[in-house]
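Structural description and commentary
Given next are the chains, with one letter for each unit.
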Amino acid sequence: MSRSASTDAAAERAARPLLEIDGLSASYGRATVVHDLDLTVARGEALVLLGRNGAGKSTTLKSVMGLEVERRGRIVFDGQGIDDWPTHRIAAAGIGYVPEDRRIFAGLTVTENMAVGRLPPRDGHAWSEAEIWELFPPLAAIRERRAGYLSGGEQQMLAIARTLMGNPRLLLLDEPSEGLAPVILERIAEAVGMLKSRGIALVVSEQNLAFVRDFADRLLIIETGAKRFTGTIADLAADPSIAERYLAV
Amino acid sequence: MTAPHALAVEHLSKSFGGFRAVHDVSFHVATGEVTALIGPNGAGKTTTFNLVNGQLTPDSGRVLVAGTDVTGRDPRALWRGGVARTFQITATFPSMTVRENVAIGVMALAPHFWSLQRPASLSGSATDALLADVGLTGMADLLAGTLAYGDLKRVELAMALANAPSLLLMDEPTAGMAAAEREALMTLAVRVCKARGAAILFTEHDMSVVFRHATRIFVMSAGELVATGTPEAIRRDPLVREVYLGKAAAP
Amino acid sequence: MLASLLIQTLNGLASASLLFLVALGLSLIFGVTRIVNFAHGSFYMLGAYMAVSINVWLGGGILGFWGAVAGAALAVAAIGLVMELTILRRIYRAPELLQLVATFGVVLLIKDATLFIWGPEDILGARAPGLTGSISIFGKRLPLYDVFLILLGPAMLAAIWWLLRRTAWGLRVRAATEDRGMAAALGIDQARLFTSVLALGAGLAGLAGALALPREPASLGMDLSIIADVFVVTVVGGLGSIPGAYLAAVIISVIKAWCIGLGTVNVFGTVVSFTKLTLVAEFLVLATVLVLRPHGLLGSEPPAQRGAAHVHAPLPEPARGFWMAAGLGLVAMLALPLFADRYALVLLTDIAVFALLASSLAILMGWAGMASFGHAAYFGAGAYGAALAALAGAPFAVSVASGLILATGLAALIGRLAVRTSGISLAMLTLAFAQILWAIAFQWDGVTGGSNGLVGVWPPGPLASKTTYFLFAMLTAAVTLGLLWRLAHSPFGYALRATRDNPRRAEASGFDTLALRWSAFILSGAIAGLAGAIFVFSKGSLSPDVLAIPRSVDALVMVLLGGFETLAGPIVGALVFTLLADWLTRTTDYWQAVLGAAIITLTLIFPHGIVGTFERWRARGDRQ
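Residues numbered from 1 in each chain as written. Chains lettered and ligands numbered in written order. Predicted model: local features only at pLDDT ≥ 70, side-chain atom pairs only at ≥ 80, totals over all residues. Heavy atoms only, no water.

1. So, helix α23 (residues 569–587) of chain C
Put simply, the test is: Numbering of helices and strands runs from the N terminus; a helix is a DSSP stretch of H or I covering at least four residues, while a strand is a stretch of E covering at least two. Helix span is expected to be 1.5 Å times the residue number reduced by one. Two residues qualify as a contact provided that any one of their heavy atoms is within 4.5 Å of a heavy atom in the partner residue.
Across its 19 residues, α23 of chain C extends 27 Å between first and last C-alpha, which sits within 8% of the 27 Å expected from 1.5 Å per residue. For α23 of chain C, the elements touching its buried residues are α13 (342–367), α22 (549–562) and α24 (591–605) of chain C.

What follows is the structure in structure tokens.
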């Protein structure tokens, strides 16, 4: 009885989107940056938030993590309301966050940074260091180096790797392409694609459309904290005026 | 002998630890000219910018403003020498009104600093003229801390112009703004600087702003100046395409 | 000579170990929580008292002594844990100034609790069984216990290094110290981490207190005397640097030991007492390090934790009505002697004095954005300067001027060093300087009268009555405050607030921010000195208490109570505080505890300051 009830609940949960944001407003002090935003992310889906600097993309991601921003509205992850949870509990529930400026622990080595992010296995799997080295081969060679001495690209890889150690179901990537050389960009885009193929859902905030082309399932354009467009890359390509208006290409 | 350039940078180099951030960079900005310094992150443009504005002192090389060697002078001395700047994250005084913000720039030049009277610049014509130039006359009595970001940028512009500069340094002037606002701000900055005879050197990530407003562009990569030229020339330069614009410039 | 120097050095190393243990705890706590725990010295004191009681309870002997050391450390760790759970947890996002004040509330509570439980007398502790002997070095004796302490410091340094570098807990602490927001985003429960760090830090302080017993008795003054030393060590070593803390503890303790060891020496015919120069030496070390390395010997600028930017409220120009109201208020005040009795007049004079003191501090905090935690230094300098001149036979006006000049000079000297720092370092530094001055006043019997202070400092005939002196004090305060209010909207006042709002912008607009901050410091010190000079003549006597930490904190509480972002705020604060304190001291023997509890309650209810909290409430109301 109870077992079938829990199976039912599990089935019901599985049918719902992984992340549901309903009427989110976020502010810093008196300045409101995100206004009444709704969005959903399905299991295993890659959603890309497009928009210019200051459009509210980063703030949306921080709101999901409960970091450094005052927020109102409903945020449901895997069937549970998380909008009043402390940040660490949100992370433990399976949301990984890679911030825009990476925020690696500069005084810790690469492996120590990764160890900080380690959480118990989820769905029977825990990322091992070996798997990380496979995903980001350059990190393996510098595993004992202090993270403060890493290049921008290496830091970005480390920031993603560190978050993966928490075995997330949903990964929030904030402007992963920012300030990176094209060669590095391709490698990181490839890695992100690989993560998606392993079933990790993604919310990626970006300004660089080329970077997300290969893995984005759905695009959502935000301007001044509100949703302006949602569709696939093909939809966007079909109407060039949208990109012209909302993205500084 | 021609009139000295608004800014001349000669063989500037700067290292941090073993890292060569800027190596042997030379360029000049002519009087009244609008120029942009661009390059990918880590190219050394921020370091170069900070060497020019006095936040950093170069290991070697010189910085000349209107013919005077100002290498190693602090921002205060540079300001007195006719160099003004705006910041990437808009720097104003949030606890004061727009008028007070602008008046403070004028005040530092005024005598009677130690009087107990309210500052003359608060009702002075210099302040009024600056407010009118950037279109803030109507907002003069609002607190700077309550303004929208785009308006705040204009406040900062007026503050920067208070010392009647010969050179205005703008660090990513349009960061964090919507496209229409970006355009308006740069158009305004170029217009008021032209009217006052101030040259502009700015750094910027938004290429459309760079190509529309700069008459000359300096491109940096890996600490070195790799190209200088008009927007058309820079757009066509294959080297620039490779180091910076990458796919964004591709058709 | 050399042998005795060596012995003094070893002696200093032994003291350094204890100092380091306390500083270590403070640094660990500061690292992750960004709170400078004022109550850390109280933990040290509690460690000593608890060890005495536990030793007795265990029946003494080896078990008693070492059982007491362990027990005291554990008990104090538990108290630290409770403090984190009940108080600190609620104020992590509050401005750092308020955090310091809240932990000072804990200092007051613990002090009165200790007084209540153990009484006012010093209590001698047992010597360490098995370590009561001594070893001989070049014919000089060094107690075995000192050898034990000398080894303890480096051993604890190594142990903590191991804990931080080699354990999962240490890794979390290091990560949270760098960026606690990011650590949380990786699933680290900050609350549990902070609780554990606080328990460890408090335990270390308790351990140090228990281990100090064979060298010094448990006393009620231990808390503030060690905390001032620990602040010096932390600032000299570099905020948050653990090896830096050990290095600084060694340097300061050894220099102190040398000064004491040298004793009185005849230098070129002049008798110099080095024993009395210990505090001057400490002052010089602090000053030298700050000039050469503003972030301390091994420190660097601490990474700013995010989301804590504080925007100051505007300071609008007073309307005509404001001056009218102020004038009417003054007239009403001046008419008070017609109704008030002698007691009330003394209280009113105090209010005038403290209004000046609070306003002087508010200039620094409100206009210049610098929090002085040792403002009593200038108040006291003004009082001592005036009293010494008066006792030397100078006329009243000259005496007051002497106090003013001494305070101004001192503010110029300390301010020159202090303006190079900011935030929490500035607070610790100003407090350390004030404490050094207090100790000088306390020890320099020949000039300051030592702990007895100075007596017989009365104003001349026309001002001798309580009524006329009240009128004098009130008028002086009114004129000074009137001038200050004009200054607020002069070019200097604007420039100062510009420097506070955005120093980089102010520099880029041609202002010399360091010079402006220094001027504000000097001005503030001068006004505090004036307040002190008026104060001493109203009381007729003074003791080193005018310089002590509690006086500095009183001034802070007045300013926070009334708010420092309005012109009238500090005056209201001084009024409320003085009346409240007067009522409390007449009502209970444990008024410090009541005051402490009140401070803590206020900071818990108004975590962003009274004005700031109302602002937030209003902002929330606006959005809904």
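2. Thoughts on the sheet that holds strand β7 (residues 170–174) of chain A
Residues and elements named next belong to chain A. In plain terms, the rule: Strand pairing follows a simple DSSP-based rule, namely that at least 2 bridges must link the two strands. Every axis corresponds to a line fitted to the C-alpha atoms, with the helix fit spanning only the stretch in contact, and the corresponding angles, defined between N-to-C directions, vary from 0 to 180 degrees.
Pairing is mixed in the open sheet, where 6 strands are placed in the order β6-β7-β8-β3-β9-β10. With partners counted over all chains shown, the strands left at the sheet margins are β6 (95–98) and β10 (226–231), one partner each. The average angle at which neighbouring strand axes cross in this sheet is 15°, direction not considered. As paired strands, strand β3 (residues 46–50) and strand β9 (residues 218–223) are joined by 4 bridges and run parallel to one another. Residue pairing in the sheet places Leu47 in a bridge with Arg218 of β9. This element, helix α2 (residues 57–65), spans β3, β6, β7, β8 (201–206) and β9 of the sheet and lies at about 145° to β7.

3. Description of the domain arrangement of chain C
Residues and elements named next belong to chain C. What counts here: The split of the chain into domains comes from an automatic or database domain assignment. Accessible area that two parts lose when put together, with a 1.4 Å probe and added across both, is what the buried area reports. Each reported salt bridge corresponds to a side-chain nitrogen of Lys or Arg within 4 Å of a carboxyl oxygen of Asp or Glu. Each polar contact in these results corresponds to two N or O atoms within 3.5 Å; when the atoms are within protein, one needs to be able to donate a hydrogen and the other to accept it, and residues that are neighboring in sequence are counted only if both atoms are side-chain atoms.
Once the domains are mapped, chain C shows domain 1 (2–226) and domain 2 (322–587). Here the C-alpha centroids of domain 1 and domain 2 sit 34 Å apart. On the side of domain 2, 16 residues touch domain 1, which itself brings 12 residues to the contact. Between domain 1 and domain 2 lies a buried interface of about 1100 Å² when both sides are counted; carbon and sulfur atoms form 91% of it. In this assembly, domain 1 and domain 2 are joined by 0 salt bridges. Linking domain 1 with domain 2 are 0 residue pairs in polar contact (both at pLDDT 80 or more). Contributions of two or more residues to the side of domain 1 that touches domain 2 are made by α1 (2–33), α4 (96–118) and α9 (222–237).

4. Quick word on the packing of α4 of chain C against α22 of chain C
All names here are of chain C. Formally: Angular relationships are summarised with four words: roughly parallel below 35 degrees, roughly antiparallel beyond 145, roughly perpendicular across 65 to 115, and oblique for the angles in between. For any pair of crossing helices, the crossing counts as left-handed if the nearer helix is rotated counterclockwise from the farther one by less than a right angle, and right-handed if it is rotated clockwise. Polar here means any residue other than Ala, Val, Leu, Ile, Met, Phe, Trp, Tyr, Cys and Pro, which are nonpolar, and Asp, Glu, Lys and Arg, which are charged; Gly is therefore polar.
At a closest axis distance of 11 Å, the pairing of α4 and α22 adopts a crossing angle of 125°. Looking at the two axes, α4 sits oblique to α22. The chirality of how α4 crosses α22 is left-handed. Seen from α4, the contacting residues are Leu97, Leu98, Val101 and Phe104; seen from α22, they are Ile549, Pro550, Val553, Leu556, Val557 and Leu560. Each residue belonging to the contact of α4 with α22 can be placed in one class, and the counts come to 10 nonpolar, no polar and no charged.

5. Some points on the sheet that holds strand β9 (residues 216–221) of chain B
Residues and elements named next belong to chain B. Taken in spatial order, the 6 strands make up an open sheet running β6-β7-β8-β3-β9-β10, and their pairing is mixed. The sheet is open, and its two borders are formed by β6 (83–86) and β10 (224–229), each paired with just one other strand. If you compare each strand with its neighbour and ignore which way they point, the axes differ by 20° on average. Relative to strand β8 (residues 199–203), strand β7 (residues 167–171) runs parallel, the two being bridged by 5 bridges. For Met170, the partnering residue across the bridge sits in β8 and is Phe202. Contacting β6 and β7, helix α5 (residues 149–160) crosses the sheet at an angle of about 170° to β6.

6. Side note on unusual backbone geometry
Selection criterion: Think of it in three bands: residues with accessible area under 20% of the maximum for their type are buried, residues over 50% are exposed, and the middle band is partly exposed, with areas taken using a 1.4 Å probe on protein chains only.
For Asn167 of chain A, which is not a glycine, the phi torsion comes out positive at approximately 50°. Inspection of the secondary structure puts Asn167 of chain A in the loop between α7 (152–164) and β7. Using a relative accessible area of 4% as the deciding quantity, one classes Asn167 of chain A as buried. Located in the positive-phi region is Glu172 of chain B, a residue other than glycine, with phi close to 45°. Checked against the element boundaries, Glu172 of chain B lands in the loop between β7 and α6 (179–196). With relative accessibility at 8%, the residue Glu172 of chain B sits in the buried group.

7. With respect to the side chain of Asn113 of chain A
Residues and elements named next belong to chain A. Along the polypeptide, Asn113 turns up in helix α4 (residues 110–116). Note on Asn113: relative accessible area 0%, which makes it buried. Residue contacts for Asn113: discarding those within four places in its chain leaves Ile104, Phe105, Leu108, Ala147, Leu158 and Arg162.

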